[in-house]
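Letter by letter, the chains look like this.
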Amino acid sequence: MTAQLKFSNVTLGYDRHPAVHHLNGEIAAGSLLAIVGPNGAGKSTLFRGIVGILKPLAGTIGLGDLKPREIAYLPQSVDIDRTFPISVFDFVGTGLWRSTGLFGGLGKKAGRQIADALAAVGLNGFENRTIGTLSGGQMQRMLFARVLLQDARVIVLDEPFNAIDAKTSADLIGLVRHWHAERRTVLAALHDMDLVRANFPETLLLARGAVAWGATSQVLTADNLLEARRMCEAFDDGAHACAIDAARPRAA
Amino acid sequence: MIYDALIAPFIDFEFMRRALAGVIALALGGAPIGVFLMLRRMSLVGDAMAHAILPGAAVGFLFSGLNLFAMTFGGLIAGFSVALLAGLVSRVTEIKEDASLAAFYLVSLALGVTIVSMRGTNIDLLHVLFGNILAMDDQTLLVIAFNATITLVILAVIYRPLVIECVDPVFLRTVSRAGAPAHLAFLALVVINLVNGFHALGTLLAVGLMVLPAGIARFWSRDITGMMMIAVASAAISGYLGLVLSFQTKVPSGPAIILVAAALYVVSVLFGTVSGLVRQLFPGRHLEA
Ligand SMILES: Nc1ncnc2c1ncn2[C@@H]1O[C@H](COP(=O)(O)OP(=O)(O)OP(=O)(O)O)[C@@H](O)[C@H]1O
Ligand SMILES: [Mg+2]
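Computed from a predicted structure; not experimentally measured. (Residues numbered from 1 in each chain as written. Chains lettered and ligands numbered in written order. Predicted model: local features only at pLDDT ≥ 70, side-chain atom pairs only at ≥ 80, totals over all residues. Heavy atoms only, no water.)

Q: What exactly am I supposed to notice about the overall build of chain B here?
A: What chain B contains, in helices and strands, is 14 helices and zero strands. Going residue by residue from the N terminus, the α and β elements of chain B occur as α-α-α-α-α-α-α-α-α-α-α-α-α-α. Principal axes of the C-alpha set define a box for chain B whose edges measure 65 × 55 × 30 Å. Counting across all 289 residues of chain B, residues that qualify as buried make up 53%. Considering only residue pairs separated by 6 or more positions, chain B has 75% of its internal contacts joining residues 24 or more positions apart. Carbon together with sulfur atoms contributes 72% to the accessible area of chain B, which is approximately 13,400 Å² in total. Taken as two groups, the 15 positive and 14 negative side-chain charges of chain B have centres that lie 7 Å from each other. (Helix = DSSP H or I, 4+ residues; strand = E, 2+ residues; numbered from the N terminus. Buried < 20%, exposed > 50% of the residue type's maximum accessible area, 1.4 Å probe, protein only. Contact = heavy atoms within 4.5 Å. Areas by Shrake-Rupley, 256 points an atom, 1.4 Å probe, with all protein chains shown as cover. Lys, Arg positive; Asp, Glu negative; His and termini not counted. Charge placed at Lys NZ, Arg CZ, Asp CG, Glu CD.)

In structure tokens form, the structure reads like this:
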């Protein structure tokens, strides 16, 4: 198993405050990894680091031969301007960015791909609706359709099933399993432990640092979850500079 | 009769033909830009930038009188610097662009008027503030046409990243680096088209043929392509009818054009098919599914 993502002593945060602290480890290519942890544990922060919109304060995130722009990313709260007059079809079509680039028109083939993606998430018939008219769950389905079109080797989903009904989340989980079967690497931040146990072979329990990381059944124990919950959420404005880096100067 | 009112002026007088050509070029370039300004909620930013152009054009005027190239050059420089400054300020400090731009509004206007008055007459001042599309020479017309062409070409290049940056900026950031350059190119286009409008309609009204047609379009179409078509069409129609109105009634041409656009806007607010007032009051019976 080759490593797809490699965290070497990664610290990610905001204004020098660490939200993910000295994380080490590897994610093998083709894994299906759940990332769980209490609110404020740093799950979203870790994802922002992986897709390259947040620079690590220290350490590195190795992507192997992959470029950050080749990762499909579904953020937790999407910053979408829903009043913008764009159709579901065109919006999902932006997922083809890598093949169409700046100019390439959406030809017949692209049209078929988009239609297939919409069908895969159960949004047939919504092509010409503007995105502002979708319900929350339909919106989420549409975002999955775009991820589908991005055809990425690594897919990062931040709490993709929030406020989604059982039927829709079952459909979308099906899609995630399908990606796993296609040997793509899928990372998902989740709060529903039953869902994680049922579908994700591996889990990272995160609480600023890794509390436990490995086979899901061994990670999601009562002890570990309690340990994770003890993590303090708030940043301490009076905190001193982290000593670990000083003791081990950035030689590597 | 109708022929006399609507067509004869353009057949009989060359300056009317030239004005018409100028106004159509303005519509082609400016209206799509206006649509993007509206969709990015930057209409007032556009207005403030129109004022920022004045001191630059005025400095050009100070050095070489009502010289086309000096004033264009000055206006472009001033517009670009303000656009860049405002963009930087908002990117660095998280203050919204419009807030930092609002400060330029009054300062620029006062500065520009002062500079023009230092050398020019009141006629010059009126020319700078309200333009004079009926007195356009060939050179001005060429500059306007050139700018409109450039605008359409660049807009075609940055169209997709621009749209994605409006709808879902985080997505654009994760798939491409094109976001920031596209935004800057767009600001440049805004400036170019404001300078264009400045020649024809003057500082105070330059933004009118960009913002009003966009406002009109919003009431008739739900998708962006349709909006741009309608915006261009309504800008061209306003230009044409405004020229006719100005010819028949001696209303100055710039204000006449903007007044026609404003009238179309009011009609659209009332009767537009997309959330027009009448539509909202009498929506018709609800459907089965
Ligand atoms: N933009 C930001 N600026 C400053 N601090 C932030 C920012 N975003 C997150 N934080 C802080 O970083 C820490 C980790 O946040 P993060 O969003 O990664 O948590 P999370 O694990 O995704 O939580 P949740 O389950 O609530 O989504 C939190 O303490 C949060 O307050
Ligand atoms: Mg989160």
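Q: Just checking my understanding: could you explain the overall build of chain A for this structure?
A: Scanning chain A from N- to C-terminus turns up ten helices and nine strands. Taking 18 Å as the expected radius of gyration for a compact globule of 252 residues, we find that chain A reaches 19 Å, a close match to that expectation. Dimensions of chain A, computed from C-alpha atoms along their principal axes, come out at roughly 60 × 40 × 40 Å. Relative to its 252 residues, chain A shows a buried fraction of 50%. Within chain A, residue pairs in contact and separated by at least 24 positions form 70% of the contacts whose partners lie at least 6 positions apart. Within the structure as shown, chain A displays about 12,000 Å² of accessible surface, and the carbon and sulfur contribution to it stands at 51%. Of the side chains in chain A, 26 bear a positive and 24 a negative charge, and the two mean positions are spaced by 5 Å. (Rg over C-alpha atoms; globule rule 2.2 N^0.38 Å.)

Q: Help me out: how do you make sense of the site of ligand 1 in this one?
A: All names here are of chain A. What surrounds ligand 1 is a group of 16 residues, the closest being Asn39, Gly40, Lys43, Ser44 and Thr45. Gly42 is positioned such that a nitrogen or oxygen atom in its backbone is 2.9 Å from an oxygen atom of ligand 1. Measuring from an oxygen atom of ligand 1, one finds a side-chain N or O atom of Gln76 at 2.9 Å. Relative to its unbound accessible area of 630 Å², ligand 1 is 68% covered by the protein chains. Counting residues per element, the shell around ligand 1 draws most heavily on helix 1 (residues 43-50), which supplies four residues. Of the residues in the shell around ligand 1, the class split is five nonpolar, seven polar and four charged. (Near = heavy atom within 4 Å. Polar contact = N/O pair within 3.5 Å; in protein donor to acceptor, adjacent residues only side chain to side chain. Nonpolar A, V, L, I, M, F, W, Y, C, P; charged D, E, K, R; others polar.)

Q: Sorry, what's going on with the sheet that holds strand 7 (residues 185-189) of chain A here?
A: Picture the strands of a sheet paired through backbone hydrogen bonds; they go either parallel or antiparallel. All names here are of chain A. The mixed open sheet is built from six strands, whose spatial order is 5-6-7-3-8-9. Whereas interior strands pair on both sides, the edge strands pair on one side only; in this sheet they are strand 5 (71-74) and strand 9 (209-215). Along the sheet, successive strands turn relative to each other by an average axial angle of 15°, direction set aside. Bridge count between strand 3 (residues 32-36) and strand 8 (residues 202-207): four bridges; the pairing is parallel. Its bridge partner being in strand 8, Ile35 is matched across the sheet by Leu204. Against the sheet, helix 5 (residues 136-150) makes contact with strand 5 and strand 6 (154-158), and its axis sits at roughly 175° relative to strand 5, the strand it touches most. (Pairing = 2+ DSSP bridges. Axes fitted to C-alpha atoms, helices over the stretch in contact; angles between N-to-C directions.)

Q: Where do I start with the coordination of the magnesium ion (ligand 2) in this structure?
A: Each angle at a metal carrying four tetrahedral donors should ideally be 109.5 degrees, and each at a metal carrying six octahedral donors should ideally be 90 or 180 degrees. All names here are of chain A. Around the magnesium ion (ligand 2), the protein supplies Ser44 (OG) and Gln76 (OE1) as donor atoms, at distances of 1.9 to 2.0 Å. Within this pair, whereas Ser44 is found in helix 1, its partner Gln76 is found in the loop between strand 5 and helix 2 (88-93), the two being separated by 32 residues in sequence. When its relative accessible area of 12% is taken as the criterion, Ser44 is described as buried. (Donors = N, O, S within 2.8 Å, 3.2 Å for Na, K, Ca; no water.)

Q: What am I meant to see in a nonpolar patch on the surface here?
A: Residues and elements named next belong to chain B. Together, Trp220, Val266, Val267, Leu270, Phe271, Leu277, Val278, Leu281 and Phe282 line one region of the surface with nonpolar side chains, adding up to about 850 Å² of accessible area. Broken down by secondary-structure element, the contributors of at least two residues to the nonpolar patch are helix 13 (253-271) and helix 14 (277-281). Ranked by residues supplied to the nonpolar patch, first place goes to helix 13 with four residues. Among the structural elements, Leu270 can be located in helix 13. (Patch = residues over 30% accessible without salt bridge, like charges linked within 9 Å, V, L, I, M, F, W, Y side chains within 5 Å. Salt bridge = Lys/Arg side-chain N within 4 Å of Asp/Glu carboxyl O.)

Q: What exactly am I supposed to notice about the interface of chain B and chain A here?
A: Many descriptions give the size of an interface as the accessible area lost when the pieces come together. Residue-level contacts link 25 residues of chain B with 28 residues of chain A. Summed over both partners, the interface of chain B with chain A comes to about 2,400 Å²; 63% of that surface belongs to carbon and sulfur atoms. The largest contributions to the chain B side of the interface with chain A come from Arg160, Val167 and Thr174 of chain B, which together make up 28% of the buried area. Counting across the interface, chain B meets chain A through two salt bridges. On the surface where chain B and chain A come into contact, there are six residue pairs in polar contact (both at pLDDT 80 or more). Listing elements by their share of the side of chain B that touches chain A, those giving two or more residues are helix 8 (138-167), helix 9 (169-175) and helix 12 (224-249) of chain B. (Buried area = accessible area lost by both parts, 1.4 Å probe.)

Q: For this particular structure, what's the right way to read the sheet that holds strand 1 (residues 3-14) of chain A?
A: Residue and element names in this part refer to chain A. Read from one edge of the open sheet, three strands run 2-1-4, paired in antiparallel fashion. Each end of this open sheet is capped by a strand with a single partner; those strands are strand 2 (17-28) and strand 4 (58-62). Strand-to-strand, the axes of this sheet are offset by a mean angle of 15°, without reference to chain direction. Strand direction decides the pairing type here: strand 1 and strand 2, joined by eight bridges, are antiparallel. Residue Leu5 lies in a different strand from strand 2, and its bridge partner there is Ile27.

Q: Can you help me understand the packing of helix 3 (residues 14-39) of chain B against helix 10 (residues 179-201) of chain B in this one?
A: What describes two packed helices is the angle between their axes and the distance between those same axes. Residues and elements named next belong to chain B. Viewed as axis vectors pointing N to C, helix 3 and helix 10 meet at an angle of 135°, and their least axial separation amounts to 10 Å. The angle between the axes of helix 3 and helix 10 places the two elements in the oblique class. Seen from above, helix 3 lies across helix 10 with left-handed handedness. Contacts between helix 3 and helix 10 pair Leu26, Gly29, Gly30, Ile33, Phe36 and Leu37 from the former with Phe186, Leu189, Val190, Asn193, Asn196, Gly197 and Ala200 from the latter. (Parallel < 35°, antiparallel > 145°, perpendicular 65-115°, else oblique. Left-handed = near helix turned anticlockwise from the far one by under 90°.)

Q: Would you mind going over the packing of helix 4 (residues 43-64) of chain B against helix 10 of chain B with me for this structure?
A: Residue and element names in this part refer to chain B. Packing of helix 4 against helix 10 brings their axes to within 10 Å, and their N-to-C directions diverge by 65°. Like other packed secondary-structure pairs, helix 4 and helix 10 cross with a definite hand, here right-handed. Within the contact between the two elements, helix 4 uses Gly46, Met49, Ala50, Ile53, Leu54 and Ala57 and helix 10 uses Leu187, Val190, Val191, Leu194, Val195 and Phe198. Looking at the contact of helix 4 with helix 10 residue by residue, the classes come out as eleven nonpolar, one polar and no charged.

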